[in-house]
Structure formats: C-alpha cells, structure tokens
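Here's the letter readout for the chains.
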Amino acid sequence: MTSWNRHRISAVLALAIGLMTIVEGGSVLLGIETKEYHVLSWLLRYNVAMGFVSLAAGLGLWTEKKWAAALAMTILACHGAVFFSLAAMHLLGRTVAVVSIGAMLFRTGIWTVINFMIRGKKQ
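These figures come from a predicted structure and were not determined experimentally.

Draft legend 1. A look at the overall build of the protein. Scanning the protein from N- to C-terminus turns up four helices and zero strands. Moving toward the C terminus, one meets the helices and strands of the protein in the order α-α-α-α. On C-alpha atoms alone, the protein measures out to a radius of gyration of 15 Å, which is about the 14 Å that the 2.2 N^0.38 rule sets for 123 residues. Per-residue burial for the protein yields a buried fraction of 41% across its 123 residues. The contacts in the protein between residues at least 6 apart in sequence include a share of 73% that link residues at least 24 apart. Here the protein has roughly 7100 Å² of accessible surface; of this, 71% comes from carbon and sulfur atoms. Computing the positive centroid from 11 side-chain charges and the negative centroid from 4, the protein places the two 18 Å apart.

Below, the structure written as structure tokens:
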C-alpha cells in the first residue's frame, strides 16, 4: 500500500470517527437523546470537542499537511490518558459506565491504527 493510500485511508477513519463522536455525543449534549447509564458530563464535553479535533486531523491527513501527524499523535495520547483515567476510576469504585470505557478503548484503538498507518511518512 502506498503512503498516499495509507494517508487517505487514515483520513477517512479520522473523519468517520470524528463525525460519529460528534453525532452521538452532540445528541446527548443537546438533550435530543438520553442514555440508560450514568453519563459523565466532562467526558461528554471532551468527546464532542475531540470529535471536532478529529475532523481537523482527518482533513489535515487527507491533504497531507505537515501538522496532521503530530495532531494524530496528540489525539492518541489524549484518548489513551482518558481511557486509563476511566479504567482507574472504575477500579476505584467510582461511577463510570462500562460502555464509556469501551467507547474510549475503541477510539484509542482507532487512533493507534491511524498512527501506525501514517508513521514513516516523509513530509
């Protein structure tokens, strides 16, 4: 697979996860949808904000901007930190929906794949 194709595929992944996150989180944030489980308001706001950051990263990857790879790594680091925070909260007995931990694990996994796909790109 060529570098160009890897960047385009990673861009589509970033755009897709960003849009899904904005739609899902935005509908809860705006009160259009309610969840059957405990929703952490800070996590909801974080997810929606990072959805928009993901769109920026996806557009940057698509157009092969130099800053896009650094943004993708930053998103991965942020998601990883939030995932470990949620897992720690859960292990310490704090109220955290398991579905929230799973969703953050999914996002972290997708951004890990994206970062592997774009690594080694000569800018």
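Draft legend 2. A look at the nonpolar core. Among the nonpolar cores identified, the biggest contains 24 residues, and Leu43, Leu61, Leu86, Met104, Trp111 and Ile114 are the most heavily contacted of them. Counting only elements with at least two residues in this core, the list comes to α1 (3–29), α2 (41–62), α3 (66–91) and α4 (98–118). Considering every element that reaches this core, the biggest residue donor is α3, with eight residues. Filtering out sequence-adjacent residues up to four positions away, Leu43 remains in contact with Val82, Leu86, Ser100 and Met104.

Draft legend 3. A look at the environment of Arg45. Within the secondary structure, Arg45 is located in helix α2. Given the relative accessible area of 48%, Arg45 is considered partly exposed. Along the primary structure Arg45 and Leu29 are separated by 16 residues, whereas in three dimensions their C-alpha atoms are 7.6 Å apart.

Draft legend 4. Molecular detail of the side chain of Arg107. Summarising the element assignment, Arg107 is placed in helix α4. With residues near it in sequence (within four places) discarded, Arg107 still touches Ile17, Thr21, Asn47 and His79.

Each value, and the rule that gives it
Residues numbered from 1 in each chain as written. Predicted model: local features only at pLDDT ≥ 70, side-chain atom pairs only at ≥ 80, totals over all residues. Heavy atoms only, no water. Helix = DSSP H or I, 4+ residues; strand = E, 2+ residues; numbered from the N terminus. Rg over C-alpha atoms; globule rule 2.2 N^0.38 Å. Buried < 20%, exposed > 50% of the residue type's maximum accessible area, 1.4 Å probe, protein only. Contact = heavy atoms within 4.5 Å. Areas by Shrake-Rupley, 256 points an atom, 1.4 Å probe, with all protein chains shown as cover. Lys, Arg positive; Asp, Glu negative; His and termini not counted. Charge placed at Lys NZ, Arg CZ, Asp CG, Glu CD. Core = buried A, V, L, I, M, F, W, Y, C linked by side-chain atoms within 4.5 Å.

The quantities given are spatial measurements derived from coordinates; they are silent on function.
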